[in-house]
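# Working through the structure, step by step
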Amino acid sequence: MGITVMSADEAQKRSKQELFQNLASSAEGISDLEAKKRLEEYGLNAIPEKKTNSILKFLGYFWGPIPWMIEIAGVLSLVLERWPDLIIILILLFFNAIIGFWEEFQAGNAIEALKKKLAGKSKVLRDGQWIEIEASTLVPGDIIRIRLGDIIPADAKIIEGDYLTIDQSALTGESLPVTKKTDDIVYSGSVAKKGEVVALVTGTGLNTYFGQTAKLVQSAESKSHFQQAVMHIGHYLIYLSLVLVAILIIVQIERGDDILQLVQFSLILVVASIPVAMPAVLSVTMAVGALMMARMKAIVSRLESIEEMAGVDILCSDKTGTLTQNKLQLGEPKVFGKVTEEEVILAGALASKEEDQDPIDIAVIHGVKDIKSLDEYKQTKFIPFDPVSKRTEATLETTRGKALYCTKGAPQVILEMCNPEEAVKKEAQSAVQELASRGYRTLGVARSYDGKTWSFLGLLPLADPLREDSKDTIKQAQEHGIEVKMVTGDNIAIAKEISGQLGLGTNIFPAEELLGKKEGEMLADTGERVEKAGGFAQVFPEHKFGIVKALQAREHITGMTGDGVNDSPALKQADVGIAVSGATDAARAAASLVLTAPGLSVIISAIEEARRIFERMNSYAIYRIVETLRIMFFIVLTILVYNFYPITALMIILLALLNDFPIMTIAYDNTWLDPKPVRWNMKRVLTVATILGTIGVIETFGLLIIAKTFMGIGYEQIQSVVFLKLVVAGHLTLFVARTKRPFFMSPFPSPILLSAILVTQAVAAMIVGFGWGVAAIPWIWIGYIWAYCLIWIFIEDFAKILVYRHMGHK
């Protein structure tokens, strides 16, 4: 017999009789045989996970245009028996593969964390008997029992029992426990806090409210700006290199060069020139930054998020547990009659029971200034809150043996019990409305000495207080050029009150007004309205997901903070998903940045560090492009003009190693902190690099002409001179590229970067000075080459400043 499975919203609208019919079930449940059939049809009550073979993933890094070039160069080196060339080529190949694989391997698995959140066991009615089974084997139509402390294993409709109080804050963002009664739907993943009910399973696995969150996490995908920038630079250099090498090969074949050696030289030239090591250097730069952030209590799970964080201009912040403490706190009581505020709080505390760990009771008890005053009363009877009476009541005995009765609960219920004068009743009702408009939940408190005649004492307002550092953190974020938007599942009144307290204004809208009521629905002007809104209330997971996507569509680099399962899809979709301290496993796994210290202040430190890291990466990108242009154009033009190779294949490989490997210490460099969000500006990067690269070609040609024409030295010594000049000028160019200001006015290089460059330069000088694998040149010539390069660094720096000024940089 076919059954109809529906969403939680649809199931809420149906009566239990309709659902029994749709799900071919009854109050007696279904048979074990029927359950097995449904399990085959609808699958496990679990979240499926896509798994990729790790070995195949690793091998994938040896497949692609750049790896192919390196591999062909390696094969040709093997055929020509050039073993040093082969070893160095293989080191480059495996280094890039290992760095890339490790970076991807470290990515968080949000689906796995969501699976762990699901309940393990469940009480189910099968064949007329209650049995305990694995929650993963539940099917639509099952009858389950839910008790205090249970994680609800599936979406279900309550069919029996007075009430069930559940904590679904991690799922919906609601800061207070929610009471469900017969015919209400309870969500998978919520936690039962009070009561006991029997319920009909209406949805399992991905067909639950919880499962829809998992689907959103699976569909979430944010294209890294880092990856885009590397691709832009890579394509620019690869195409340029291939065009130049193609011209070189055609001309040299016409001149009668050996084809095999020409192709091998050309491939090595391309491999050394294109940014083979660029992803590795940038990844190492970000990895070192990640270690620094970890010391600041911010753990990075996705390296690219560091670069994304540097450019964040909008931060979507979840309210509950992120901007607020996710715990109730007593406000200033509203007193009626001839009693003090402390008497009202004491009466409310006496009508509470700390052992039950009810959030409201705990908040009221903690509001008592003199906690020892509670010891003067002995609680002989306690009636807990339930949805019918809507109040708690305690029977007490004083130390003098007198009876006392205290009650607290819904204000309208307490007022009806006390039956005060009409003026008092109107004043109390007005106060309740006023407190509600400010985001407070209100309790009425009354006292009696005989259990029959009650005196209305006053109102106790309760609210989820701000984190101590939230307001300062938001102010700091705004000073860093970041607009903060609050996102919450609470109602519009609470959202506006909290937003006002934080200094975010009251331009708050219900999410449905901006995004529509249906999942995935986008209104015509959604992007613009979301962009202008100060925050959003009554938000569900699909809304948060839609808010982030709408902002990204408006070309904002978006950060999203959160702590609950409901935040997971938006955290993964955001350019930077930030799981705050105490976040659920699902939120941590979906996030790219996980905070281990409470509050949001860590984010500011992380943003500052991210912007420093970005400057380092930007410096390296410019440097790497300059080096490619300098090497490729100079070598190709020299061969075309003079018909001789200015450096050997071995020198090219040594040049690549001496330039790139020490440059990895740029990750530790001192740099300027930009006060505003920063992004890759490819036009500016390529323009600056092209100008500096062109100057570099002219500079190197100048030295070649001096050596060839005026010094009259031999062919092999010219190669050594050119090799040393390229090594020296390369690192001096880095000092120019690492700042937009005059290089001598920039922050002094870090000791590790400066040391690495000096050691590399010493090695290069010794290679040509002692003739290690190359023709030796006099040491005095090495000094002349250094002097020549130092003169040109000022010319390059002057040209760089002119370009930046022309492109609007102040």
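This section reports on the structure supplied with the text. (Residues numbered from 1 in each chain as written. Predicted model: local features only at pLDDT ≥ 70, side-chain atom pairs only at ≥ 80, totals over all residues. Heavy atoms only, no water.)

## Focus on the pairing of strand S23 (residues 576-579)
Which entries qualify depends on this criterion: Summary of the burial criterion: residues with accessible area below 20% of their type's maximum are buried, those above 50% are exposed, and those between are partly exposed, where the area comes from a 1.4 Å probe applied to protein chains only. In this description a helix means any DSSP run of H or I spanning at least four residues, a strand means any run of E spanning at least two, and both kinds are numbered starting from the N terminus. Two strands pair if DSSP finds at least two bridges between them.
Because side chains alternate across S23, one face comprises the buried residues Val576 and Ile578, and the other comprises Gly577 and Ala579, equally buried. Two strands pair when backbone bridges link them, and strand S22 (residues 558-562) and S23 are joined in this way by four bridges, in the parallel orientation. Among the inter-strand pairings, threonine 561 is bridged to a residue of S23, identified as isoleucine 578. Examined bridge by bridge, S23 and strand S24 (residues 593-595) share two bridges and lie parallel to one another. Each residue of the ladder has a partner; that of alanine 579, found in S24, is valine 594.

## Looking at the environment of alanine 229
This is how the line gets drawn: Note on contacts: a residue pair qualifies if any of its non-hydrogen atoms lie within 4.5 Å across the two residues.
In this structure, alanine 229 sits in helix H10 (residues 225-254). Alanine 229 gets classed as buried once you look at its relative accessible area, which sits at 2%. Residues alanine 229 and methionine 682, 453 residues apart in the sequence, show an inter-C-alpha distance of 7.3 Å. When near neighbours in sequence (up to four residues on either side) are disregarded, alanine 229 contacts Trp680 and Met682.

## Re the nonpolar core
Condition: Definition of nonpolar core: a set of buried residues of the types Ala, Val, Leu, Ile, Met, Phe, Trp, Tyr and Cys, connected through side-chain atoms within 4.5 Å.
Core analysis: the largest hydrophobic core is formed by 135 residues, its most contacted members being Leu269, Met293, Leu593, Ile622, Ile635, Ile647 and Phe723. Of all the elements, helix H26 (residues 601-642) adds the most residues to this core, at 22 residues. Not counting the four nearest positions on each side in its chain, isoleucine 647 is found in contact with Phe265, Ile635, Ile652, Leu655, Gln719, Val722, Phe723 and Leu726. Counting 26 residues, the second largest nonpolar core, distinct from the first, contains Ile345, Leu346, Val368 and Leu396.

## Focus: the packing of helix H29 (residues 715-737) against helix H31 (residues 779-806)
This is how the line gets drawn: Axis angles are defined between N-to-C directions and span 0 to 180 degrees, where every axis is a line fitted to C-alpha atoms and, for a helix, only to the segment in contact. What sets the label is the angle itself: under 35 degrees gives roughly parallel, over 145 gives roughly antiparallel, 65 to 115 gives roughly perpendicular, and the rest give oblique. With the far helix as reference, a near helix turned anticlockwise by less than a right angle produces a left-handed crossing, and one turned clockwise produces a right-handed crossing. Classification convention: Asp, Glu, Lys, Arg as charged; Ala, Val, Leu, Ile, Met, Phe, Trp, Tyr, Cys, Pro as nonpolar; all other residues, Gly among them, as polar.
Interaxial distance between H29 and H31 falls to 9 Å at its minimum, and their mutual angle equals 40 degrees. In this view, H29 runs oblique relative to H31, as classed from their interaxial angle. In this structure, H29 meets H31 at a crossing whose hand is right-handed. Note on element contacts: H31 touches H29 through Trp781, Ile782, Ile785, Trp786, Cys789, Leu790, Ile793, Glu796, Asp797 and Lys800, opposite Gln717, Val721, Leu724, Lys725, Val728, Ala729, Leu732, Thr733, Phe735 and Val736. Across the contact of H29 with H31, the residue classes tally to 14 nonpolar, two polar and four charged.

## Details of a nonpolar patch on the surface
Note the cut-off: Exposure above 30% relative accessible area and no salt bridge define the residues that can form patches, which grow by joining like charges within 9 Å and nonpolar side chains of Val, Leu, Ile, Met, Phe, Trp and Tyr within 5 Å. Computed by Shrake-Rupley with a 1.4 Å probe, the accessible areas treat only the displayed protein chains as cover when residues are assessed. Note on definitions: salt bridges are taken to be side-chain nitrogens of Lys or Arg within 4 Å of carboxyl oxygens of Asp or Glu.
Taken together, the side chains of Val641, Tyr642, Ile705, Ile706, Phe710 and Met711 make up a nonpolar region of the molecular surface, amounting to roughly 560 Å² of accessible area. Mapped onto the nonpolar patch, the elements with two or more residues apiece are H26 and helix H28 (682-710). Owing to a relative accessible area of 35%, isoleucine 705 belongs among the partly exposed residues under this scheme.

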